There are 2 protein chains.
Amino acid sequence: MQSLYVIKIGGNIVDNQALLTDCLTAFSKIEGQAILVHGGGKLATSLATKLGVEQTMVEGRRITDAETLKIVTMVYAGYINKNIVAQLQSLNVNAMGLSGADANLIKAHKRTNANIDYGFVGDVDTINVELVQKLLSSNIKLVVAPITHDGNGQLLNTNADTIAQGIATGLAAQYNVHLIYGFEKEGVLLDVNDPSSLIKHINRPSYQKLKEDKVIFEGMLPKIDNAYLALDNGVKSVIIGRAEKMNELINGTTGTTITQS
Amino acid sequence: MQSLYVIKIGGNIVDNQALLTDCLTAFSKIEGQAILVHGGGKLATSLATKLGVEQTMVEGRRITDAETLKIVTMVYAGYINKNIVAQLQSLNVNAMGLSGADANLIKAHKRTNANIDYGFVGDVDTINVELVQKLLSSNIKLVVAPITHDGNGQLLNTNADTIAQGIATGLAAQYNVHLIYGFEKEGVLLDVNDPSSLIKHINRPSYQKLKEDKVIFEGMLPKIDNAYLALDNGVKSVIIGRAEKMNELINGTTGTTITQS
């Protein structure tokens with residue numbers, strides 16, 4: 001089977017043009033199939049502030065009301081997505097930017113929660129595997145914005161980590177999928193302030209211990225839970241590390257590699 | 001050869017949800033290949049006003065400075081494009097929204113003009129015909145936003161009429177292309193305030209006469225000039241008329257049909 005790299009970069013990379021350029025340059029050097037999933041960043045928040053659209057955060061998550069959905073659609077699927085695509089094109093990468101609505105790439109449903117109304121937030125139902133295969137086999141590298149749709153005309157704001165995980169598992173039967181989460185740190189750190197405390201390898205037993213010892217900080221837990229969901233569903237490896245060291249992450253010479261055993 | 005409908009809808013349609021829905025419903029009933037090119041509308045202007053980004057118009061054209069480019073990229077390639085796609089998906093149309101940067105669909109260059117600096121405005125150089133054919137033959141209907149790129153990482157604001165004409169002529173060797181400009185009027189009118197004064201057919205000699213008599217108003221001239229450019233380059237027919245009557249425009253029972261002779 002062919003290798004496929006599904007790479008997610010977060011808001012901190014998107015917000016920093018120098019880091020983004022380093023990361024996209026690394027992405028441009030990937031041989032073989034690759035999909036880039038990007039997060040949002042601070043631009044949506046700053047645009048909301050300028051427009052006087054109040055942002056409500058509940059348990060670290062943005063509540064997406066109608067005006068906020070408009071803003072994230074503009075920023076994620078418009079500004080960020082198209083600028084990444086244009087930059088990749090200039091690096092001779094045949095990049096195509098899509099949202100989940102485009103050719104029904106990612107169908108989702110509006111999140112229902114008894115206690116919190118998250119607004120127009122989507123939970124992923126299906127990935128259009130056939131479409132992705134067709135585009136990849138046409139030597140197109142996909143750039144995916146974290147906006148999905150429900151099939152009834154409603155766009156939905158959707159977590160980029162979850163999208164990356166969904167795409168990775170959706171294609172695990174067709175490709176040797178390597179799922180890489182690029183962010184602003186070296187990987188999973190024993191001491192969050194010490195880059196040299198990188199944990200190079202996590203398996204099920206060590207993850208359990210790290211959680212019990214409360215070494216892994218809050219924002220990292222869903223990343224690793226998603227990683228195990230991906231591994232359980234056929235993904236070959238999950239690597240978490242510094243986005244601009246994409247080549248080393250791919251080679252396995254930096255970052256935290258997560259495996260079953 | 002297969003038929004291909006290249007349909008452009010303007011800002012007045014995009015701004016009006018009821019008209020847009022009628023137009024997309026008509027689009028959804030097209031049998032065979034179709035590409036929708038959409039314009040901008042007032043949302044970009046109102047967003048610019050809210051953000052305090054001053055808009056400069058010279059000879060009816062928007063000067064696109066860096067902040068304005070950001071706004072039109074967000075609004076055209078993000079908000080408008082993805083909402084149209086989601087709505088078409090809900091009508092069972094396998095729509096995919098692209099900007100000119102995506103998979104190098106439309107390469108352009110920054111307009112140079114000795115007298116006016118238009119800013120980040122693009123003039124179309126090439127259409128990626130191979131890509132369009134590949135997507136159409138996968139039963140995907142394209143929705144194109146009027147944002148292009150220069151291949152060096154720069155996005156460019158580009159006239160949607162010109163894009164529609166460029167796509168139509170670019171594919172004239174592969175398809176029987178019918179280019180339709182849907183807007184808020186019945187077609188070319190003898191009296192701009194009287195819908196019943198529709199000119200059903202224009203050919204080269206009658207166009208010359210209408211121009212001499214100054215019957216055709218300013219905004220219509222570039223549309224018809226583009227129409228003749230398209231016909232000169234192999235497009236089978238060009239029809240201008242009311243966007244929500246898309247089915248009748250396709251059937252030729254309404255609107256103005258423009259031909260060579």
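Fair warning: this is a prediction, and the values are worked out from it, not measured in the lab. (Residues numbered from 1 in each chain as written. Chains lettered and ligands numbered in written order. Predicted model: local features only at pLDDT ≥ 70, side-chain atom pairs only at ≥ 80, totals over all residues.)

So, the sheet that holds strand β12 (residues 201–202) of chain B
Residue and element names in this part refer to chain B.
For step 1, the next point in the chain: With mixed pairing, the 8 strands of this open sheet are ordered in space as β5-β8-β2-β1-β11-β13-β14-β12. In this open sheet, the two strands that pair with only one neighbour each are β5 (95–98) and β12.
For step 2, the next point in the chain: Of the strand pairs in this sheet, β5 and strand β8 (residues 141–144) are connected by 4 bridges, and their pairing is parallel. When the sheet's bridge partners are listed, A95 is paired in β8 with K141. (Pairing = 2+ DSSP bridges. Helix = DSSP H or I, 4+ residues; strand = E, 2+ residues; numbered from the N terminus.)

Considerations on the confidence of the model for chain A
For step 1, the next point in the chain: Taken residue by residue, chain A gives an average pLDDT of 92. The fraction at 70 or more is 100%.
For step 2, the next point in the chain: Interface scoring of the predicted complex returns ipTM 0.93; its pTM is 0.94. (pLDDT = per-residue confidence, 0-100.)

Quick word on the relation of the copies chain B and chain A
For step 1, the next point in the chain: Mapping chain B onto chain A leaves a residual RMSD of 0.0 Å; the transformation is a rotation of 180° accompanied by 0.0 Å of translation along its axis. Such values leave the two copies arranged in the relation of a two-fold axis. Considering only C-alpha atoms, the part of chain B nearest the rotation axis is G78 of chain B, at 1.8 Å.
For step 2, the next point in the chain: An overlap of 100% is found between the interface residues of chain B and their copies at the interface of chain A, pointing to a shared contact surface. (Least-squares fit on C-alpha atoms with pLDDT ≥ 70 in both. Contact = placed C-beta atoms within 7 Å.)

Examining the sheet that holds strand β5 (residues 95–98) of chain A
All names here are of chain A.
For step 1, the next point in the chain: Pairing in this open sheet of 8 strands is mixed, and the strands run β5-β8-β2-β1-β11-β13-β14-β12 from one edge to the other. Where the open sheet ends on each side, the last strands, each with one partner, are β5 and β12 (201–202).
For step 2, the next point in the chain: Here β12 pairs with strand β14 (residues 256–258) via 2 bridges, running parallel. By the bridge assignment for β14, H201 is matched with T257.
For step 3, the next point in the chain: The sheet strands contacting helix α8 (residues 220–232) are β11 (176–183), β13 (237–242) and β14, and the helix crosses β13 at an angle near 155°. (Axes fitted to C-alpha atoms, helices over the stretch in contact; angles between N-to-C directions.)

Concerning the nonpolar core
For step 1, the next point in the chain: In terms of nonpolar packing, the biggest core is built from 172 residues, with V6 and V75 of chain A together with V6 and V75 of chain B touching the most fellow members.
For step 2, the next point in the chain: Residues within four places of V75 of chain B in sequence aside, it is in contact with M74 of chain A together with G40, L43, A44, L47 and I80 of chain B. (Core = buried A, V, L, I, M, F, W, Y, C linked by C-beta atoms within 7 Å. Buried ≥ 20, exposed ≤ 12 C-beta atoms within 10 Å, placed from the backbone.)

Focus on the interface of chain B and chain A
Frequently, the measure chosen for interface size is the accessible area removed from exposure when the parts meet.
For step 1, the next point in the chain: At the junction of the two partners, chain B supplies 34 residues and chain A supplies 34 residues.
For step 2, the next point in the chain: Elements that contribute at least two residues to the side of chain B that touches chain A include exactly α3 (43–51), α4 (66–90), β5 and β9 (147–149) of chain B.
For step 3, the next point in the chain: Broken down by element, the side of chain B that touches chain A gets its largest block of residues, 14 residues, from α4 of chain B.
For step 4, the next point in the chain: Residues belonging to the side of chain B that touches chain A are distributed by class as follows: 13 nonpolar, 16 polar and 5 charged. (Nonpolar A, V, L, I, M, F, W, Y, C, P; charged D, E, K, R; others polar.)

Quick word on the pairing of strand β11 (residues 176–183) of chain B
All names here are of chain B.
For step 1, the next point in the chain: β11 sits mainly inside the fold: 7 of its 8 residues count as buried.
For step 2, the next point in the chain: Direction of pairing for strand β1 (residues 3–9) relative to β11: parallel, over a ladder of 7 bridges. Considered in β11, the bridge of I9 is made with G182.
For step 3, the next point in the chain: Across 6 bridges, the pairing between β11 and strand β13 (residues 237–242) is parallel. Residue pairing for β13: F183 is matched across the bridge by R242.

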